[in-house]
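# What the coordinates show
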Amino acid sequence: MDPLVDAHIRDFFQGHPIREHQWPEGPALRALPSLRVLEIGPGPRMSGLTTYVTRGAWAANAEAPLEFLMLTGTPDARYVELLTMLAFYGIQERLGVGHVVPLGGPLVPGSQCTCLYTSLPYTYGPGLEILELPGGGHLHLLWAMPITEAERALARREGPDALEEAFEGEEVEYWNPHRLSLRAASARA
């Protein structure tokens, strides 16, 4: 399935520079040996931002295959590491829309974002999100959005829809790891 996923991503991001990475160590390398993270530079679909997308995470759960993506304004190998960790975590947990995965610390030094929230990739729409598979079925790409502890608490208390509504209500720089927590989440925490 990796060639299908690769072609889907490359077709969607045609005109963008794409580099392939593999995190060089850890249990994910043994458990998901074909896992790669594609670094997609700015281009026609997203100017000014870099998109990181897994290819091979689907192998963690072939019955409900998923791949993950993250956005950033500053390319950093940390995103390759995070998506590798998320793909490996998917082996133990059946991830889906609305799940929150704690990172065990800040996304990057100085960041208030300490978790990843899995959501639909609204920024790109269903053209990237859904890959129809030969013989039936489909693979989904989910957005791994960095969130703060207050945002995590909001999602736990009021549900994922409340968190997403709060994101819509404010102009969130979701690609900025140094963004402040949502005012709505902070006020409710």
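Here, the structure is the one placed above.
### Looking at empty space enclosed by the protein
- For the structure shown, the criterion picks out 2 cavities of 30 Å³ or more.
- Taken as a whole, the largest cavity encloses approximately 90 Å³ of empty space.
- Lining the largest cavity are Ala57, Trp58, Ala60, Asn61, Ala64, Leu66, Phe68, Ala87, Gly90, Glu93, Arg94 and Leu95.
- Looking at the lining of the largest cavity, the elements with two or more residues in it are strand S4 (66-72) and helix H3 (77-92).
- Size it by volume and the second largest cavity reaches roughly 50 Å³.
- Taken together, His21, Gln22, Trp23, Ala28, Leu29, Leu32, Leu35, Arg36, Val37 and Thr84 make up the lining of the second largest cavity.
- Considering only residue class, the lining of the second largest cavity consists of 6 nonpolar, 3 polar and 1 charged.

### Focus on the packing of helix H5 (residues 149-158) against helix H6 (residues 160-169)
- As a packed pair, H5 and H6 sit with axes 6 Å apart at the nearest point and diverge in direction by 135°. On the basis of the axis angle, H5 is oblique to H6. Between H5, through Glu151, Leu154, Ala155 and Glu158, and H6, the contact on the second element is made entirely by Pro160, Ala162, Leu163, Ala166 and Phe167.
- When the residues that make up the contact of H5 with H6 are grouped by side-chain class, the tally is 7 nonpolar, no polar and 2 charged.

Here is what the cut-offs are and how they apply
- Residues numbered from 1 in each chain as written.
- Predicted model: local features only at pLDDT ≥ 70, side-chain atom pairs only at ≥ 80, totals over all residues.
- Heavy atoms only, no water.
- 1 Å grid on protein atoms, 1.4 Å probe; cavity = no way out; pocket = protein on both sides within 12 Å on 5 of 7 lines; lining within 4 Å.
- Points joined across faces, edges and corners; volume = space filled by probe spheres on them.
- Helix = DSSP H or I, 4+ residues; strand = E, 2+ residues; numbered from the N terminus.
- Nonpolar A, V, L, I, M, F, W, Y, C, P; charged D, E, K, R; others polar.
- Axes fitted to C-alpha atoms, helices over the stretch in contact; angles between N-to-C directions.
- Parallel < 35°, antiparallel > 145°, perpendicular 65-115°, else oblique.
- Contact = heavy atoms within 4.5 Å.

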